[in-house]
Amino acid sequence: MKKYLFALSALLLTATFGLVACGEDDDQNELASKLAAITLKSPSHSVDAKLIKFIGTKVGDKIIESIELTESGKYLVTYREENAATRGLSDLLYLFGTYTGSGTSFQLSGFGNISISGDNVNANVTLTVGSVEVTVPVTISMAEAESLMATYLCRTWTVTNTRLRYPTSSGAVLAKDFPGECNLKTLVDFAREYVDIKDSFNPDKIVKGVTFTTIKSFLINYADDTYDVGSWSWDGTPSVELQTASMTYHWNSDDMGASFMNGKAGLEFAGNTCKLSLKADISGKQIEVVWTMQSM
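Throughout what follows, the structure given in this document is the object of discussion.

About the criteria used
Residues numbered from 1 in each chain as written. Predicted model: local features only at pLDDT ≥ 70, side-chain atom pairs only at ≥ 80, totals over all residues. Heavy atoms only, no water. Helix = DSSP H or I, 4+ residues; strand = E, 2+ residues; numbered from the N terminus. Buried < 20%, exposed > 50% of the residue type's maximum accessible area, 1.4 Å probe, protein only. Areas by Shrake-Rupley, 256 points an atom, 1.4 Å probe, with all protein chains shown as cover. Contact = heavy atoms within 4.5 Å. Arc of directions from axis to C-beta. Pairing = 2+ DSSP bridges. Axes fitted to C-alpha atoms, helices over the stretch in contact; angles between N-to-C directions. Core = buried A, V, L, I, M, F, W, Y, C linked by side-chain atoms within 4.5 Å. Salt bridge = Lys/Arg side-chain N within 4 Å of Asp/Glu carboxyl O. Lys, Arg positive; Asp, Glu negative; His and termini not counted. Phe/Tyr/Trp six-rings, centres within 6.5 Å; stacked < 30°, edge-to-face > 60°.

### Brief notes about the overall build of the protein chain
Regarding its fold elements, the protein chain presents 3 helices and 17 strands. Looking at the protein chain as a whole, 43% of its 296 residues qualify as buried. Accessible area for the protein chain stands at about 15700 Å²; split by element, carbon and sulfur atoms hold 53% of it.

### Points about the environment of H250
Topologically, H250 is positioned in strand β14 (residues 244–251). Each residue touching H250, except ones within four places of it in the same chain, is listed here: G230 and S231.

### As for helix α3 (residues 184–191)
Looking only at α3, the buried set comprises L184, L187, V188, F190 and A191. Buried residues of α3, seen end-on, are gathered within an arc of 160° and therefore sit on one face of the element. Here the buried face of α3 lies against β9 (156–167), β10 (173–179), β12 (217–222) and β17 (285–295).

### Description of the sheet that holds strand β5 (residues 105–108)
Spatial strand order, β1-β2-β3-β4-β5-β6-β7-β8: 8 strands in a closed barrel with antiparallel pairing. Taking the axes of each pair of neighbouring strands and ignoring which way they run, one obtains an average angle of 30° across the sheet. In the sheet, strand β6 (residues 112–118) pairs with strand β7 (residues 123–129) via 6 bridges, with the strands oriented antiparallel. Bridge pairing in β7 links I116 to V125.

### With respect to the nonpolar core
Membership of the largest hydrophobic core comes to 46 residues, with the highest contact counts inside it found for L164, F212, W232, L267, F269, L276 and W291. Discounting residues that sit within four places of it in the chain, L276 has contacts with F212, F218, M247, A265, G266, L267, V289, V290, W291 and M293. Counting 22 residues, the second largest nonpolar core, distinct from the first, contains Y75, A123, V134 and V136.

### A few points about the pairing of strand β8 (residues 132–142)
Note: strand β1 (residues 50–59) against β8, 4 bridges, orientation antiparallel. Considered in β8, the bridge of I52 is made with I140. Two strands pair when backbone bridges link them, and β7 and β8 are joined in this way by 7 bridges, in the antiparallel orientation. For A123, the partnering residue across the bridge sits in β8 and is V138. If you look at the hairpin formed by β7 and β8, you'll find 2 residues sitting between the two strands, and G130 has a positive phi there, around 60°.

### What about the pattern of salt bridges?
It is possible for side chains of opposite charge to pair when their charged atoms get near one another. Summed over the entire model, instances satisfying the criterion amount to 12 salt bridges. D61 serves as the salt-bridge partner of K62, at 3.7 Å between the closest nitrogen and oxygen. Taking the relative accessible area as the measure of exposure, K62 reaches 24% and is therefore partly exposed. Here R165 makes a salt bridge to E288, at a shortest N to O gap of 3.1 Å. Of this pair, R165 sits in strand β9 while E288 sits in strand β17, and the two are 123 residues apart along the sequence. The exposure class assigned to E288 is buried, which follows from its relative accessible area of 14%. Put simply, R165, K279 and E288 are held in one network by salt bridges that share partners.

### As for the side chain of K74
Mapped onto the fold, K74 is located in strand β3 (residues 74–81). As a buried residue without a salt bridge, K74 has its nearest oppositely charged side chain in D225, at a separation of 11 Å. Residues contacting K74, with those up to four places away along its chain left out, are E68, L69, F96, G97, T98, Y99, T156 and M296.

### Structural notes on the packing of aromatic side chains
A full pass over the atoms with the stated rule returns 15 aromatic pairs. Taking 5.8 Å as the distance between ring centres and 80° as the angle between the ring planes, the aromatic pair formed by Y99 and F106 counts as edge-to-face. With respect to class, Y99 is no different from F106; both count as buried. Here the aromatic cluster, defined as three or more aromatic residues joined through ring pairs, consists of F212, F218, W232, W234, Y249 and W251.

### Here's the deal with the pairing of β6
In terms of strand pairing, β5 meets β6 through 4 bridges, oriented antiparallel. Bridge assignment links Q107 to a residue of β6, and that residue is N113. Connecting β5 to the antiparallel partner β6 that follows it, the hairpin turn spans 3 residues, and G110 within it adopts a positive phi of roughly 85°. Turn length for the β6-β7 hairpin, with the two strands adjacent in sequence and antiparallel, is 4 residues.

The following block contains the structure:
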């Protein structure tokens, strides 16, 4: 009799766990069914995206470190001045713009032209800047998205709305929207009413574009022709079903970004938009800056 009771108890216990698991799955499936279908188109230069690494190639007064061609037809030239005293990340300088061309020949607006020969292992690049032309060996890393979520993320975005989530003295969390491009001065001036922010920004510190690449570059370009340049990585496994992900990011220099940002962010995709939620810690208080972004 005990044997039968034990078997019956085990069966009921198994059934209970099965019901819980199915319930959780049903909740997730119901949530996923309510999400807006992703309508993002493939960026214009997905097949051309790559990172070209140089070995101290001097062009004029610049020592070129790398050139990245992004999925959205943007380029990022990383260089040092010839007389740079050290070799730290803080010495890196950047040029950012648009490029045209495909295959092995590209024109970088405002910088110069590059022509690639050989394969990625034994490649050479002819770099033409003004009247200067040099041909040098390089290392090329082709961009390749490791997941569907990476294909969604890796492109250049424009900010259409900024939502600031902030705590009040009563402990409630409120939110305020700032439509259009994100003006950091306007945002921070408002946030100072509720949290003690030391950072200050000029009126023209306006976010013009946000770029992610499968090479793991993360770039914000501003209206004053300055850039925050760094790297990003997934924090955990992205959820294709729920169209959400968490990420971490790091800037290449301490003077980039804002001191109160903690390097963590969340992502939500719907239709042709992405919501990038940048987390922040200020004197024990948590605030969040949420950019609603559209693909360029």
